[in-house]
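Breakdown of the fold
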Amino acid sequence: MKENVKAKVREILDNYLELRNHRKTPERYAILDAVYSIKGHFSLEQLSETLLANNFRVSRATLYNTIRLFIELRLVVRHNFQGVTLYEAYYASNNHCHQICTICGKITEISLPGVTQSINEARLRRFRKDGFSLYIYGVCSSCQGKITKRKNKTQSLRNQK
Ligand SMILES: [Zn+2]
Ligand SMILES: [Zn+2]
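Source: prediction; values computed, not measured.

The rules behind these values
- Residues numbered from 1 in each chain as written.
- Chains lettered and ligands numbered in written order.
- Predicted model: local features only at pLDDT ≥ 70, side-chain atom pairs only at ≥ 80, totals over all residues.
- Heavy atoms only, no water.
- Helix = DSSP H or I, 4+ residues; strand = E, 2+ residues; numbered from the N terminus.
- Rg over C-alpha atoms; globule rule 2.2 N^0.38 Å.
- Buried < 20%, exposed > 50% of the residue type's maximum accessible area, 1.4 Å probe, protein only.
- Areas by Shrake-Rupley, 256 points an atom, 1.4 Å probe, with all protein chains shown as cover.
- Lys, Arg positive; Asp, Glu negative; His and termini not counted.
- Charge placed at Lys NZ, Arg CZ, Asp CG, Glu CD.
- 1 Å grid on protein atoms, 1.4 Å probe; cavity = no way out; pocket = protein on both sides within 12 Å on 5 of 7 lines; lining within 4 Å.
- Points joined across faces, edges and corners; volume = space filled by probe spheres on them.
- Nonpolar A, V, L, I, M, F, W, Y, C, P; charged D, E, K, R; others polar.

Observations regarding the overall build of the protein
- In terms of helices and strands, the protein carries six helices and five strands.
- In sequence order, the secondary structure elements of the protein are arranged as α-α-α-α-β-β-β-β-α-β-α.
- The globule rule puts the C-alpha radius of gyration for 161 residues at 15 Å, and the 21 Å found for the protein is more than 25% above it.
- Summarising its shape, the C-alpha atoms of the protein cover approximately 80 × 45 × 25 Å along the three principal directions.
- In the protein, which comprises 161 residues, the proportion classed as buried is 30%.
- When the accessible surface of the protein is summed, it comes to about 11100 Å², and 49% of that surface belongs to carbon and sulfur atoms.
- Computing the positive centroid from 27 side-chain charges and the negative centroid from 13, the protein places the two 12 Å apart.

As structure tokens, this is what we get:
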């Protein structure tokens, strides 16, 4: 993640904490940095491991509450992929779309400029849009390959009879 993005998200957190008269605890900033240093989607466990690698030990409760705050501030987005909760840095993310394989659960990110453009241009009623998430469900190519192989196998077994 680019350094200017890290600076910008720190500023958003700064402003919020100052406005609310909350303490600027180093944990919150360490967690924010960790979130923005992870590429792609992550679980709370992975986030906690990243923090540990940076010699930062935070309790599960602190981690959870901080992530909740980040979601509120739209610094983080929470995904529910087939029942699995994963998080992702949201600020300056490229509004990518997610392809989810309903067989193996594999998630791939794709950018669909046409979709992004039409959402950007959409006029919403009494609503200021900040971003969007899009999930496309289907079957990935490797699962498709397995299905085809299995079909061919049954087919050739049938032919042998
Ligand atoms: Zn698959
Ligand atoms: Zn994503």
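Some thoughts on the layout of surface pockets
- Here the second largest pocket defines a volume of roughly 160 Å³.
- As for the second largest pocket, its lining consists of Arg74, Tyr90, Ser93, Asn95, Arg128 and Asp130.
- Partitioning the lining of the second largest pocket into residue classes produces one nonpolar, two polar and three charged.

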